[in-house]
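Architecture and fold: a report
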Amino acid sequence: MNYRVEVCIDNLESLHNAIAGGASRIELCSALTLGGLTPSFGLMKKARQLSDIAIYAMIRPRQGDFVFDQDDTEAMLLDIEAAAEAGLDGVVLGALTPSGDVDLDLMQQLCERAKLYELGITFHRAIDQCRDWSHALEQVIALGCERILSSGQAENVELGRNTLRAMVKQADGRISIMAGAGLTVDNAVEVVRHSGAREVHLSGKTTRPSKMQISNYSAKMGENSLDDMQIPVTNPGAIEKVVKALSS
């Protein structure tokens, strides 16, 4: 059985590593530590130049929930156009109402803009914050999205595998359910066997030491808990192991 392995990255070094590991598709983001935000136009453009596999850009203008205002909406529409201009293959979207339903008005705007530029559409883990995933799944199908990324409304795919299985059953081939969040070589095979998902999503993250020879360690560039001298990158070996495990 063929499986597709999507790797989420937020830098070009990780792009090379994901491709080397055998990734089927790239989810291109910035700020993966925040769950992934919209990448810059330069990152999108350069990633396209470097990669011959499909690249989908995250369209998420800020961290936090998926309830967006008009300014956010206009920014997201422009970012979709930027992804198309950069030559990417698709976008990753998700918007909710304050009551936890899919924001159909906003999603229709975003999906129409993506389709105008012939971009594929993934509905991301906003579904994991929906009050009724089953109803949301039908709405996402009606919007014409290709796939839904989900942990099964749980902290990780292992804990959510029963819900993922129910999602796959309800989808019945009308949309792909992609399992993601906490997916590793240790659980990938069991998750797909149990759930029936044919696509998986992971970052395969590790870190490498900074190349700085001199550094002022007291001058933090962000959260105090983050070590600026450790650079987060995708581990090609971790991706390769998942690809091989699902191919065996």
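In this report, we go over the structure that sits alongside the text. Small disclaimer: the values here were computed from a predicted structure and weren't measured. (Residues numbered from 1 in each chain as written. Predicted model: local features only at pLDDT ≥ 70, side-chain atom pairs only at ≥ 80, totals over all residues. Heavy atoms only, no water.)

Attention shifts here to the packing of helix α6 (residues 161-171) against helix α7 (residues 188-195). Describing two packed helices takes the angle between their axes plus the distance from one axis to the other. Where α6 meets α7, the axes come as close as 8 Å, and the angle between the chain directions of the two elements is 45°. What the angle tells us is that α6 and α7 run oblique. Together, R161, N162, L164, R165 and V168 of α6 and E190, H194 and S195 of α7 make up the contact between the two elements. For the contact of α6 with α7, the class distribution of residues is 2 nonpolar, 3 polar and 3 charged. (Axes fitted to C-alpha atoms, helices over the stretch in contact; angles between N-to-C directions. Helix = DSSP H or I, 4+ residues; strand = E, 2+ residues; numbered from the N terminus. Parallel < 35°, antiparallel > 145°, perpendicular 65-115°, else oblique. Contact = heavy atoms within 4.5 Å. Nonpolar A, V, L, I, M, F, W, Y, C, P; charged D, E, K, R; others polar.)

Moving on, we come to the environment of T38. Summarising the element assignment, T38 is placed in the loop between β2 (25-28) and α2 (41-50). A residue is classified by how much of its surface remains accessible, and T38, at 15% relative accessible area, is buried. Sequence separation of T38 and P98 is 60 residues, and the distance between their C-alpha atoms is 22 Å. Setting aside residues no more than four positions away along its own chain, T38 makes contact with S30, M58, I59, R60, P61 and D79. (Buried < 20%, exposed > 50% of the residue type's maximum accessible area, 1.4 Å probe, protein only.)

Once that is clear, we can look at the environment of Q153. You can see Q153 is positioned in the loop between β6 (147-150) and α6. In this structure, the C-alpha to C-alpha distance between Q153 and W133, residues 20 residues apart in sequence, is 8.2 Å. Ignoring anything within four residues of it in the chain, the contact list for Q153 reads I127, D128, Q129, C130 and W133. Within the structure, the side chain of Q153 is placed 3.0 Å from the backbone oxygen of I127, a separation counted as a polar contact. (Polar contact = N/O pair within 3.5 Å; in protein donor to acceptor, adjacent residues only side chain to side chain.)

Turning our attention to helix α5 (residues 133-143). Structurally, the α-helix is built with 3.6 residues per turn, so residues lying three or four positions apart point the same way. Among all positions in α5, only W133, A136, L137, Q139, V140, I141 and L143 are buried. Among the structural elements, α4 (104-116), β5 (120-123), β6, α6 and β7 (176-180) are those in contact with the buried residues of α5. In this structure D132 caps α5, since a side-chain oxygen of it lies 3.2 Å from the backbone nitrogen of S134. Positive phi shows up at G144, right after α5, with a value of about 90°.

Of the volumes computed, that of the largest pocket is approximately 870 Å³. If you trace the largest pocket, you find 35 residues lining it, with L32, T33, L34, G35 and G36 closest to the centre. Listing elements by their share of the lining of the largest pocket, those giving two or more residues are β8 (199-202) and β10 (230-234). Element by element, the count of residues in the lining of the largest pocket is highest for β10, at 3 residues. Taken together, the residues that form the lining of the largest pocket break down as 13 nonpolar, 13 polar and 9 charged. (1 Å grid on protein atoms, 1.4 Å probe; cavity = no way out; pocket = protein on both sides within 12 Å on 5 of 7 lines; lining within 4 Å. Points joined across faces, edges and corners; volume = space filled by probe spheres on them.)

Let us now look at the pairing of strand β3 (residues 54-58). With 4 of 5 residues buried, β3 lies mostly within the body of the structure. Note that β2 and β3 share 4 bridges and pair parallel. In the strand pairing of β3, I26 is matched with I55. Each parallel crossover has a hand, and for β2 linked through α2 to β3 it is right-handed. Bridge count between β3 and strand β4 (residues 90-93): 3 bridges; the pairing is parallel. By the bridge assignment, M58 is partnered in β4 with V92. (Pairing = 2+ DSSP bridges. Right-handed = clockwise from strand over helix to strand, strands pointing away.)

Read around the closed barrel, 8 strands run β1-β2-β3-β4-β5-β6-β7-β8, paired in parallel fashion. Between one strand axis and the next, the sheet turns through 25° on average, direction left out of account. In this sheet, β8 lies alongside β7 in parallel orientation, the contact comprising 3 bridges. Directly across from A179, in β8, lies its bridge partner V200. Of the strands in this sheet, β1 (4-9) and β2 are in contact with helix α1 (residues 12-21), which crosses β1 at around 165°.

So, on to the packing of α7 against helix α8 (residues 236-247). At their nearest, the axes of α7 and α8 sit 9 Å apart, and the two run at 45° to each other. If you check the angle between α7 and α8, you find them oblique. For the element pair α7 and α8, the recorded crossing hand is right-handed. Side by side, α7 and α8 meet where A188, V189 and V192 of the first sit next to V242, A245 and L246 of the second. A breakdown of the residues in the contact of α7 with α8 according to their chemical character gives 6 nonpolar, no polar and no charged. (Left-handed = near helix turned anticlockwise from the far one by under 90°.)

What follows concerns the packing of aromatic side chains. Inspection of the entire model under this criterion finds 0 aromatic pairs. Above the ring of Y56, the side-chain terminus of R25 is found at 5.7 Å from the ring centroid. Here the basic side chain of R198 rests over the ring of Y3, its NZ or CZ set 6.0 Å away from the ring centre. (Phe/Tyr/Trp six-rings, centres within 6.5 Å; stacked < 30°, edge-to-face > 60°. Lys NZ or Arg CZ within 6 Å of the ring centre and 35° of its normal.)

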